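# Observations on the model geometry
Here's the letter readout for the chains.
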Amino acid sequence: MPTSTRPLAPLREDWNRVLCVAAHPDDLEYGAASAIARWTAQGKQVSYLLLTSGSAGIDGMRPSECGPIRMAEEREGAREVGVHTVDFLDYLDGVVEYGLPLRRDIARVIRREQPDVVVGYAFTERLGGGIVNQADHRAAGLATLDAARDAANRWIFPELCEDEALEPWPGVRFVCFTASPQATHGVDVTGFLERGIASLRAHRAYMSGLGVAAFDPAEFLTEVAQSHGARLGVDLGVAFEVYELMPGSATAI
């Protein structure tokens, strides 16, 4: 069966805290934000961690000007879906490298936030629809998956315990990746898509800087949500590729 039509299992939602990790402002808004709106409406605690400021994202704007604007737009977009904790690391947009420093920095935040679930952006070479994935996304996604396990091990990055008093956190049940062509699970976002659209529209400077690549957020996100919803058996959905760190923890019964 083609990946685009494979049925999606409903994602379990019997958890309370989620940390969303992405390379750039706007990554989470390309679909995941509608699911995040559902989760905050359920009373779940959601926090964002952005690895860069997105400073290389607008061709006609110098990075020193672009970064602060995009950080502000990310915070505004997060508020549209009920998220008020948005932290940024200081990695340089466009040249994020997978490696121990990145794993350690993400593991540090996982230990601090103690999430039940982690959400990231696909680290596959291609995204859904066959689009070639960006290098930053690939590095960030794989580092996020590895950091979710690193955070649970006292002897990986022991300095987090010894110097920062951050005890291991073995509580991450599963890690979900949006935009993956190998999606396994879905979330029903019927009734929440408009908030997801508003979240992407908050990135006004970025969207206006796309030039000939510009698109309508409502049209794009609605088409994707309808496609994912059909695979989930609902009107509108968001798809995730899910990696279980605790076997049997992700699929709703």
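Below: a short report on this structure.

Attention now goes to the overall build of the protein chain. Scanning the protein chain for helices and strands turns up eight helices and eight strands. The C-alpha atoms of the protein chain give 17 Å as radius of gyration, which agrees with the globular expectation for 253 residues (18 Å, within 12%). Seen through its principal axes, the protein chain has C-alpha atoms that stretch 50 × 50 × 35 Å. Counting only residues that meet the buried cut, the protein chain has 53% of its 253 residues in that class.

The next point concerns the sheet that holds strand β1 (residues 9-10). If you walk across this open sheet you meet the eight strands as β1-β7-β8-β6-β5-β2-β3-β4, and the pairing is mixed. Every other strand in the sheet has two partners, leaving β1 and β4 (85-91) as the edge strands with one partner each. As paired strands, strand β2 (residues 17-22) and strand β5 (residues 117-121) are joined by three bridges and run parallel to one another. Across the sheet, residue C20 finds its bridge partner in β5, namely V119. Docked against the sheet, helix α1 (residues 32-41) engages β2, β3 (45-52), β5, β6 (174-178), β7 (185-188) and β8 (237-244), running at close to 85 degrees with respect to β8. Together, β2, β3, β5, β6 and β8 form the strand contacts of helix α4 (residues 135-150), whose direction differs from that of β6 by roughly 170 degrees.

For helix α6 (residues 193-201), the full list of buried residues reads L193, G196, I197, S199 and L200. Taken down its axis, α6 places every buried residue within 155 degrees of arc, on the same side. Buried residues belonging to α6 abut α1, α2 (63-80), α7 (204-208) and α8 (217-232).

With that settled, consider the pairing of β5. Extensive coverage of β5 is indicated by the burial of five of its five residues. Both faces of β5 are covered, namely the face carrying V117, V119 and Y121 and the face carrying V118 and G120.

Counted according to the given criterion, the structure contains 14 salt bridges. A salt bridge links R112 to E113; its shortest N-O distance comes to 3.4 Å. A salt bridge links D216 to R201; its shortest N-O distance comes to 3.7 Å. Of the two residues, D216 is situated in the loop between α7 and α8 and R201 in helix α6; the sequence distance between them amounts to 15 residues. The class of R201 is partly exposed, set by a relative accessible area of 41%.

Here the focus is the pairing of β2. The buried count for β2 comes to five of six residues, which makes it a mostly enclosed element. In terms of strand pairing, β2 meets β3 through six bridges, oriented parallel. From the neighbouring strand, R17 faces β3, where its bridge partner is Q45. In this fold, β2 hands off to α1, which returns the chain to β3; that crossover is right-handed.

Cut-off values and rules
- Residues numbered from 1 in each chain as written.
- Predicted model: local features only at pLDDT ≥ 70, side-chain atom pairs only at ≥ 80, totals over all residues.
- Heavy atoms only, no water.
- Helix = DSSP H or I, 4+ residues; strand = E, 2+ residues; numbered from the N terminus.
- Rg over C-alpha atoms; globule rule 2.2 N^0.38 Å.
- Buried < 20%, exposed > 50% of the residue type's maximum accessible area, 1.4 Å probe, protein only.
- Pairing = 2+ DSSP bridges.
- Contact = heavy atoms within 4.5 Å.
- Axes fitted to C-alpha atoms, helices over the stretch in contact; angles between N-to-C directions.
- Arc of directions from axis to C-beta.
- Salt bridge = Lys/Arg side-chain N within 4 Å of Asp/Glu carboxyl O.
- Right-handed = clockwise from strand over helix to strand, strands pointing away.

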